[in-house]
Amino acid sequence: AQSVAQPEDQVNVAEGNPLTVKCTYSVSGNPYLFWYVQYPNRGLQFLLKYITGDNLVKGSYGFEAEFNKSQTSFHLKKPSALVSDSALYFCAVRDIRGYSTLTFGKGTMLLVSP
Amino acid sequence: DSGVTQTPKHLITATGQRVTLRCSPRSGDLSVYWYQQSLDQGLQFLIQYYNGEERAKGNILERFSAQQFPDLHSELNLSSLELGDSALYFCASSPYSGSTDTQYFGPGTRLTVL
């Protein structure tokens, strides 16, 4: 069975500082990995995904994520946080083998203070 | 705006009742996915339809059912509603049914069961 862990319920960072939202995964084969963001009273918005190739994936709004196979991690990063980045962030995984659905982590609330 | 539309935005009903949630996918997308988001369970995959046929099933209760119509819109039917069914219900769509497909989410329907 596939699973995703987001070990932090909340991450606090000051505006202008770098941010990291952590994600680790477990799949039988190789993973496809996704990050989504949810603003209050809104649906999930796609940020980026890792399918294959370069381990550093660049996405929307200046976000990027690094795939680390040995650590089974896919942490989301941004060099300089904005107050408007405050939202709920979800990591999701899909097994490359066969057909599987997308499994989401429980989400990490990011709070960026002015 | 993802291009996925959901109606209604809010729904308030009583226990034991039946409701229908509607989803229109992005233009050209053949797959529709339904998710339930609640505070205690997080984001749970319910069911997927691809080009009118059921493709994958997740943690969907027997009281719930869905279908996808020839014009590709989808409906999620929830019956014999219980207090615990109160949640946000999201629909997502993707071009095909491949594992690399990005799912694009609608704004959700907030269901309150009193």
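Caption draft 1: Spotlight on the overall build of chain B. Summing up its helical and strand segments, chain B has 0 helices and 11 strands in all. Counting from the amino terminus, chain B carries its helices and strands in the arrangement β-β-β-β-β-β-β-β-β-β-β. In summary, chain B has a C-alpha radius of gyration of 13 Å against a globular reference of 13 Å for 114 residues, a match within 12%. C-alpha atoms of chain B, sized along the principal axes, occupy 35 × 30 × 25 Å. Looking at chain B residue by residue over its 114 residues, the buried ones come to 54%. Across chain B, every contact between residues at least 6 apart in sequence was considered, and the portion connecting residues at least 24 apart equals 55%. Accessible surface, chain B as shown: approximately 5400 Å² in total, 48% of it carbon and sulfur. When the 8 positive and 11 negative side-chain charges of chain B are each reduced to one mean point, those points stand 3 Å apart.

Caption draft 2: How the structure looks around the environment of A:V93. Residues and elements named next belong to chain A. Among the structural elements, V93 can be located in strand 10 (residues 87-95). In this structure the C-alpha to C-alpha distance between V93 and P31, which are 62 residues apart in sequence, comes to 6.4 Å. Residues in contact with V93, not counting those within four places in the same chain, are Q2, S3, V4, Y25, V27, P31, Y32, L33, T101, L102 and T103.

Caption draft 3: Here's a closer look at the packing of aromatic side chains. By the definition in use, this model includes 15 aromatic pairs over all chains. Both rings, one in B:F90 and one in B:F105, keep their centres 6.3 Å apart while their planes meet at 80 degrees; by these two values the pair is edge-to-face. Placement of the pair is B:F90 in strand 9 (residues 87-94) and B:F105 in strand 10 (residues 104-105), with a sequence separation of 15 residues. Members of the aromatic cluster, joined through ring pairs, are A:Y36, A:F46, A:F90, A:F104, B:Y35, B:F45, B:F90, B:Y104 and B:F105.

Caption draft 4: Representation of the environment of A:D9 within the structure. Relative to the elements of secondary structure, A:D9 occurs in the loop between strand 1 (3-5) and strand 2 (10-14). On a C-alpha basis, the gap between A:D9 and A:M109 in space is 6.1 Å, while along the polypeptide they are 100 residues apart.

Caption draft 5: Layout of the nonpolar core. Judged by nonpolar contacts, the single largest core of 28 residues is most densely connected at A:W35, A:L47, A:L48, A:F74, A:L76 and A:Y89. Taken together, the elements giving at least two residues each to this core come down to strand 2, strand 3 (19-21), strand 5 (31-38), strand 6 (44-50), strand 8 (64-68), strand 9 (73-78), strand 10 and strand 12 (108-113) of chain A. Looking at this core, the element that brings in the most residues is strand 10 of chain A, giving 4 residues. Residues in contact with A:F74, not counting those within four places in the same chain, are A:C23, A:L33, A:F34, A:W35, A:L48, A:K49, A:Y50, A:V57, A:A65, A:E66 and A:F67. With 21 residues, the next largest nonpolar core counts B:V19, B:V32, B:Y49 and B:C91 among its residues.

Caption draft 6: Spotlight on unusual backbone geometry. Looking along the chain, the bond that leaves B:T7 and enters B:P8 is cis, with omega of -10 degrees. Here B:P8 lies in the loop between strand 1 (5-7) and strand 2 (10-13). The backbone phi angle of A:N41 is positive, close to 60 degrees, even though this residue is not glycine. Along the chain, A:N41 turns up in the loop between strand 5 and strand 6.

Caption draft 7: Structural context of the interface of chain B and chain A. Listed by partner, the interface residues are 24 residues for chain B and 21 residues for chain A. Across the chain B to chain A interface the summed buried area is about 1700 Å²; carbon plus sulfur atoms make up 53%. Its largest share of buried area at the contact with chain A, chain B owes to B:L43, B:S99 and B:T100, together 31% of the area lost on that side. Seen at the junction of chain B and chain A, the total is 5 residue pairs in polar contact (both at pLDDT 80 or more). Mapped onto the side of chain B that touches chain A, the elements with two or more residues apiece are strand 4 (31-38), strand 5 (42-50), strand 6 (53-57), strand 9 and strand 10 of chain B. Taken together, the residues that form the side of chain B that touches chain A break down as 10 nonpolar, 10 polar and 4 charged.

Caption draft 8: Representation of the pairing of strand 12 of chain A within the structure. Residues and elements named next belong to chain A. Side chains T108, L110 and V112 project from strand 12 onto a buried face, and the interleaved M109, L111 and S113 project onto a face without burial. As defined by bridge partners, strand 2 adjoins strand 12 across 5 bridges and the pair is classed as parallel. The partner of A14 across the bridge, within strand 12, is S113.

Caption draft 9: Quick peek at the state of the cysteines. All names here are of chain A. Throughout the structure, instances matching the rule amount to 2 disulfides over all chains. The partner cysteine of C23 in its disulfide is C91, sulfur to sulfur 2.0 Å. Since a negative S-S torsion denotes a left-handed disulfide, the C23-C91 link at about -60 degrees is left-handed. You can see C23 sitting in the loop between strand 3 and strand 4 (24-26) and its partner C91 sitting in strand 10, a full 68 residues away along the chain. Look at C91 and you get buried, because its relative accessible area is 0%.

What counts as what
- Residues numbered from 1 in each chain as written.
- Chains lettered and ligands numbered in written order.
- Predicted model: local features only at pLDDT ≥ 70, side-chain atom pairs only at ≥ 80, totals over all residues.
- Heavy atoms only, no water.
- Helix = DSSP H or I, 4+ residues; strand = E, 2+ residues; numbered from the N terminus.
- Rg over C-alpha atoms; globule rule 2.2 N^0.38 Å.
- Buried < 20%, exposed > 50% of the residue type's maximum accessible area, 1.4 Å probe, protein only.
- Contact = heavy atoms within 4.5 Å.
- Areas by Shrake-Rupley, 256 points an atom, 1.4 Å probe, with all protein chains shown as cover.
- Lys, Arg positive; Asp, Glu negative; His and termini not counted.
- Charge placed at Lys NZ, Arg CZ, Asp CG, Glu CD.
- Phe/Tyr/Trp six-rings, centres within 6.5 Å; stacked < 30°, edge-to-face > 60°.
- Core = buried A, V, L, I, M, F, W, Y, C linked by side-chain atoms within 4.5 Å.
- Buried area = accessible area lost by both parts, 1.4 Å probe.
- Polar contact = N/O pair within 3.5 Å; in protein donor to acceptor, adjacent residues only side chain to side chain.
- Nonpolar A, V, L, I, M, F, W, Y, C, P; charged D, E, K, R; others polar.
- Pairing = 2+ DSSP bridges.
- Disulfide = S-S within 2.5 Å.

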